[in-house]
Amino acid sequence: MRVEKPLFLLDYDGTLAPIAPRPEEAFPHPGALEVLRALMVRYPLYVITGRRVEDLARLLPLPGLRVVGGHGLEEGEIGGESHPLFPVDLGPLRRVLPSCPGVWVEDKGFALAFHYRGAEDEERARACLEVWLAAHEDLLRGLGLEVLPGKKVLEVKPKGASKGQAALRLWARYPGHTPIYIGDDATDETAFQVLKGKGLTFKVGPGPTLAEGRLEDVEAVLTYLKSYL
Ligand SMILES: O=P(O)(O)OC[C@H]1O[C@H](O[C@H]2O[C@H](CO)[C@@H](O)[C@H](O)[C@H]2O)[C@H](O)[C@@H](O)[C@@H]1O
């Protein structure tokens, strides 16, 4: 299904790049750069990711590509500036980090992602993190933080920002355009929810979702995007 005046809102990991053992190894699909380069000059297009804009720049070296990072916590452009949208002090949390076997921390400045992919016992690693999070519930609340589960990761981030909120903010800039949101993870569900019945939403891969359409994998995402070129 295609629309006349699209506004592309695309997730990165699992949507434009297959999931990899480590975040720095999640390179875009070999055809993704070419398709994005061609699409972004014809239509408004944003990548809405949990990553930092700066981090994505290494993987998607497309100057001028507009990016919302940190699940809505910052906005910027590849090769340009990025601006944090929510003030946060994670200092107190950094002082009490968990020691859970196999867990490593991705410190994004405005959020902490606790990754357990590849831990010898992933279930145990996640359970250990959940115990730690429960023990620090009051601290998290006091700092205005919330836990956002993703693919083999639990992220601690300021409350209030979400991909759904970001999608609505961006859509308001393009009256007359129809948002097309494509994502694969639980973190994309807020966007699927707010756009339900208003745009086109696609979940990548299997699993329950609020999205109204489905694309099988990253390859299928690229095939769909190419249909606009
Ligand atoms: O919103 P996204 O673009 O989908 O980003 C979500 C998170 O992606 C990264 O972690 C995930 O992908 C890694 C690479 O495939 C994988 O190793 C990890 O297990 C996944 O959770 C990134 O590291 C996070 O910061 C993003 O929030």
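Note that the coordinates shown come from a computational prediction; the quantities given were computed from them, not determined experimentally.

On to the site of the ligand. Taken together, 24 residues lie near the ligand, and Tyr 12, Asp 13, Pro 23, Thr 49 and Gly 50 sit nearest. Of all the secondary structure elements, the ones that give two or more residues to the shell around the ligand are strand 7 (112–115) and strand 9 (153–158). Counting only domains with at least three residues in the shell around the ligand, you end up with domain 1 (6–86 + 161–226) and domain 2 (91–158).

Let us now look at the sheet that holds strand 6 (residues 104–107). Spatial strand order, 6-7-9-8: four strands in an open sheet with antiparallel pairing. Two strands in the sheet have a free side with no partner beyond their single neighbour: strand 6 and strand 8 (145–150). Neighbouring strand axes in the sheet, compared pairwise and without regard to direction, differ in orientation by 20 degrees on average. Here strand 6 pairs with strand 7 via four bridges, running antiparallel. Considered in strand 7, the bridge of Asp 107 is made with Leu 112.

What you tend to see is this: most non-glycine residues have negative phi, and most peptide bonds are trans. The phi dihedral of His 71 is positive, around 55 degrees, even though this residue is not glycine. Examined against the element boundaries, His 71 turns out to sit in the loop between strand 3 (66–69) and strand 4 (74–77). Classification of His 71 by C-beta neighbours within 10 Å gives buried; the count is 28. A positive phi is found at Lys 152, a non-glycine position, where the angle reads about 55 degrees. Along the chain, Lys 152 falls in the loop between strand 8 and strand 9.

Turning to the environment of Ala 20, a few remarks are in order. You can see Ala 20 is positioned in the loop between strand 1 (6–10) and helix 1 (32–42). Overall, Ala 20 belongs to the partly exposed group, with 13 C-beta atoms counted inside 10 Å. In sequence terms Ala 20 and Arg 117 are 97 residues apart; their C-alpha atoms lie 9.5 Å from each other. The contact partners of Ala 20, leaving out residues within four places of it in the chain, are Glu 25 and Ala 26.

This part is about the domain arrangement of the chain. One can read the domain layout of the chain as domain 1 (6–86 + 161–226) and domain 2 (91–158). Look at where the C-alpha atoms of domain 1 and domain 2 centre, and you get two points 24 Å apart. Between domain 1 and domain 2, the contact holds 16 residues from the first and 13 residues from the second. Residue composition of the side of domain 1 that touches domain 2, grouped by class: eight nonpolar, five polar and three charged.

Taken N-terminus to C-terminus, the directions of helix 1 and helix 8 (residues 218–226) make an angle of 30 degrees; their axes are 10 Å apart at the nearest point. Taken together, the axis directions place helix 1 and helix 8 in an arrangement best described as roughly parallel. In the packing of helix 1 onto helix 8, the handedness of the crossing is left-handed. Residues Ala 32, Val 35 and Leu 39 of helix 1 form the contact with helix 8, whose own contacting residues are Leu 222, Leu 225 and Lys 226. Residue composition of the contact of helix 1 with helix 8, by class: five nonpolar, no polar and one charged.

Reading the values: the criteria
- Residues numbered from 1 in each chain as written.
- Predicted model: local features only at pLDDT ≥ 70, side-chain atom pairs only at ≥ 80, totals over all residues.
- Near = placed C-beta within 6 Å.
- Helix = DSSP H or I, 4+ residues; strand = E, 2+ residues; numbered from the N terminus.
- Domains from an automatic or database assignment.
- Pairing = 2+ DSSP bridges.
- Axes fitted to C-alpha atoms, helices over the stretch in contact; angles between N-to-C directions.
- Buried ≥ 20, exposed ≤ 12 C-beta atoms within 10 Å, placed from the backbone.
- Contact = placed C-beta atoms within 7 Å.
- Nonpolar A, V, L, I, M, F, W, Y, C, P; charged D, E, K, R; others polar.
- Parallel < 35°, antiparallel > 145°, perpendicular 65-115°, else oblique.
- Left-handed = near helix turned anticlockwise from the far one by under 90°.

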